[in-house]
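# Close look at the chain arrangement
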Amino acid sequence: MLQRVKRYVQKPKVIIILAILLALMLWFWFCLPRQLFNTPTSYVIDDDRGQLLGAAIGTDGQWHFPYDTAVPEKFKQCIIAFEDKRFEHHPGFDIIAFSRAIKQNLRSKHVVSGGSTITMQVIRLATKHKRTFWNKLSEIFMAMRLECTHSKQEILALYASNAPFGTNVIGLDAAAWRYFGRSPDKLSWGEMAAMAVLPNSPSLVHPGKNRQVLLKKRNLLLDKLYKQGTIDSTTTALAKLEPVPDRPMPLPQLAPHLLERFKSDHQNDKTGDTRIRTTIKSNLQQQVNDILERHHSVLKANDINNIAAVVLDVETGAAVAYAGNISHPEDPEMESDVDVVNAPRSPGSTLKPLLYASMLHDGLILPNSLIPDIPTQIAGYHPENFDLGYDGAVPASRALSRSLNVPAVKMLQQFKYERFYDFLQKAGITTLKKPADHYGLSLILGGGENTLWELTGAYADMARVLNHYNKYNGKYDTADYHSPVYAIQPQRKPQLQKAGLLDAGSIYYTFQAMEEVMRPGEEMLWQQFNSSQRVAWKTGTSFGFRDGWAIGITPKYVVGVWVGNTDGEGRPDLTGINTAAPILFEIFRLLPVARDWFDMPVGEMVKIKVCHKSGYRAGEYCEDTDEMWVPKSGLKAPVCPWHQLVHLDETGKWQVTGDCASPENMINKSWFVLPPSMEYYYKTKNYQYHVLPPFRSDCALAERVNPMELIYPKDGAKVYVPLEADGNRGRMICNAAHRQAGVKIFWHLDDKYVGETTDFHQIALNPPAGKHKLTLVDGNGNNLQINFEVLAK
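Owing to the predicted nature of the structure, the values given are computational and were not obtained by experimental measurement.

### Observations regarding the packing of helix α3 (residues 73-83) against helix α10 (residues 211-227)
At a minimum axis separation of 10 Å, α3 and α10 run at an interaxial angle of 100 degrees. Classified by the angle between their axes, α3 and α10 sit roughly perpendicular to one another. Touching Q77, C78, A81 and F82 of α3 are L221, K224 and L225, all from α10. The class makeup of the residues in the contact of α3 with α10 is five nonpolar, one polar and one charged.

Structure, rendered in structure tokens:
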């Protein structure tokens, strides 16, 4: 028997037939392309619940949403009843329907029915075959092949996602939104029946034209559904009363700038399809949009045209609202198409809390350490406070809450701008494209550029670290520092370490300082903003009044607001406190109120004695001390440098030395003494400050500390004196401070007497370009000498 079969198989005809059959089998199996549909699709973004936020038309000019596996049951019933009643049972080809179609076509002598199944229509949509006999035959085999590897549900989803629905609308999802303004799962029977009949003749039957033909076809389908028991008579009657769509409707555009950002991100990274489910909460997004529009209607009177806001969930870093700008596409002058959330802008003072936290973390300061606030010039850089005033010395926490510029520069000078530059990069700031030396000390006052997206993300990271401190039993998760996201991300496994970029104690005190919103000068209106919940917040204003910022933090949310003009035009009163802060707190009123504030991370703190007056670690001469919890790094913070032991005579009015008084006649007393330049401003703001008594006249000068200090210029300064309106060079204003009231100071420029001052030690000089020597001598014989250079240009 086997020999007979072998001889039969070896016959040439049999070999040819088997080869043909094998070729046909191979063709049948590989006849389908790896990807059926390659046509461009629209970019689509949904909210966190899957509801449409916005969509953009495809590159081919079609509204075509990406493939969706979910097919509404109503559409399934309608399309099967209308197109392919044996769809659930045939293998892709319906011989009964095909035979009937042939008879109808022969009887009519032209094509009136194609006999195609839904599966065959999927093949025709994918291959775009013309209607010929051979193409029809090919479609039959390809349809049967499709049925071998795809379920009926998948085939129906392919059809629903790629069928034409008239005009430039492809797919059920896009059609439902374009014609009814709702998602397909929310359509009624009448609306879904209209959708089901559209793909049959999209060029003839589409909304706006031939509406009676569309109405007739829809009603015939509703009757068919009633006859087969899918719907009852009442549903049928009510469905027939529904109007058919009149014209295409505009799609929702709740987050147009986020849509454009998604398009840009997807074009840079082609992974995934062109539809995503975002983390945006559509109700909150709409409310934020409304707030921005309401404030814009007021701000535009001052030619302030643009506003942006973002709300992040602290735990995930996910955006729950993303308003990249106002939305006024009809007015090109507004430039509302620019996404400012992701645009680099000067951040003003918004980086100051990060510096404060960094210095606490490194043990360079304690929360209330006094920081100098005096006229300052560093290598030609001359920072000024917003109100142009000086406090002499101010606690670091108050300097932050008041957003004082000079103390911030002094702090950065101590911390080193190179280290702060590196810290910002580790914290996720990517917009500092140039080396640290390019920015220098101006980095802390907005000399660089940052985005609202990254800044809010950095503060969300800090809040997340603080929230997780107790959860992770005092350890730090490196994954807590990450960029914000707008799409759902997989959960990360914690990577716990003993130390983090910032310790929880430093972050806690930073937020405490940010909660003290008393901010004179740029923050004069702080009293107007009372939130129903505790908020740590910071404003910022860029140089030239070009950008107004406000960022607020709670344990659950971070809100960031930017106000300005996208073209960089500055406007009067364009400050963070006047423009961005009101929007910030109005947004916070939309958010759930956090029950608890941040917990103090006691495990990251130690209790030490702190000098009450200076805020430094208490030294041996600090008599007034406070027991205070500070970050552990505070153990290496400097000891109070301002308290010293002074020797007074029996009256207590004069300082004395061993040369002019015996020890038994001295009164030894602890005294809080600031340098003369700091004291000059500090005593005007702090009535409890007592100036150090002068030395008695019979005491030797050698042991005295110089009671005189030059405030401006400093030794080695390079000064440029600008020209006045008349073309002549202006004058250089020099300032000095003397600890003793009523003493005269005699001024000498290059060893030539130029004048004298009493009490208010300020003099105007007009030195030519070049190097100079300035000498000051007081009435008691104390002298001070510095060198400076006047630049020609």
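### A word on the state of the cysteines
The bond known as a disulfide is covalent and runs between the sulfur atoms of two cysteines. Scanning the entire structure with this criterion turns up one disulfide. Bridging C660 to C699, the disulfide has an S-S length of 1.8 Å. For the disulfide bridge between C660 and C699, the dihedral angle about the S-S bond is near 70 degrees, and by the sign convention the bridge is right-handed. One end of the pair, C660, is in the loop between β17 (643-648) and β18 (667-672); the other, C699, is in the loop between α22 (676-685) and β19 (708-712), and 39 residues separate them in sequence. As far as burial versus exposure is concerned, C660 and C699 are alike and both buried. Unpaired in this structure, C622 has its nearest cysteine sulfur neighbour in C611, at a distance of 3.4 Å. Sulfur of C640: no disulfide; nearest cysteine sulfur belongs to C622 and is 3.6 Å away. C640 gets classed as buried once you look at its relative accessible area, which sits at 8%.

### A closer look at the packing of helix α14 (residues 352-361) against helix α16 (residues 405-415)
Interaxial distance between α14 and α16 falls to 10 Å at its minimum, and their mutual angle equals 45 degrees. One way to sum up the angle between α14 and α16 is to call them oblique. At the point where α14 passes α16, the crossing takes the left-handed sense. Together, K352, L355, Y356, S358 and M359 of α14 and N405, A408, M411, L412, Q414 and F415 of α16 make up the contact between the two elements.

Reading guide: rules and limits
Residues numbered from 1 in each chain as written. Predicted model: local features only at pLDDT ≥ 70, side-chain atom pairs only at ≥ 80, totals over all residues. Heavy atoms only, no water. Axes fitted to C-alpha atoms, helices over the stretch in contact; angles between N-to-C directions. Helix = DSSP H or I, 4+ residues; strand = E, 2+ residues; numbered from the N terminus. Parallel < 35°, antiparallel > 145°, perpendicular 65-115°, else oblique. Contact = heavy atoms within 4.5 Å. Nonpolar A, V, L, I, M, F, W, Y, C, P; charged D, E, K, R; others polar. Disulfide = S-S within 2.5 Å. Buried < 20%, exposed > 50% of the residue type's maximum accessible area, 1.4 Å probe, protein only. Left-handed = near helix turned anticlockwise from the far one by under 90°.

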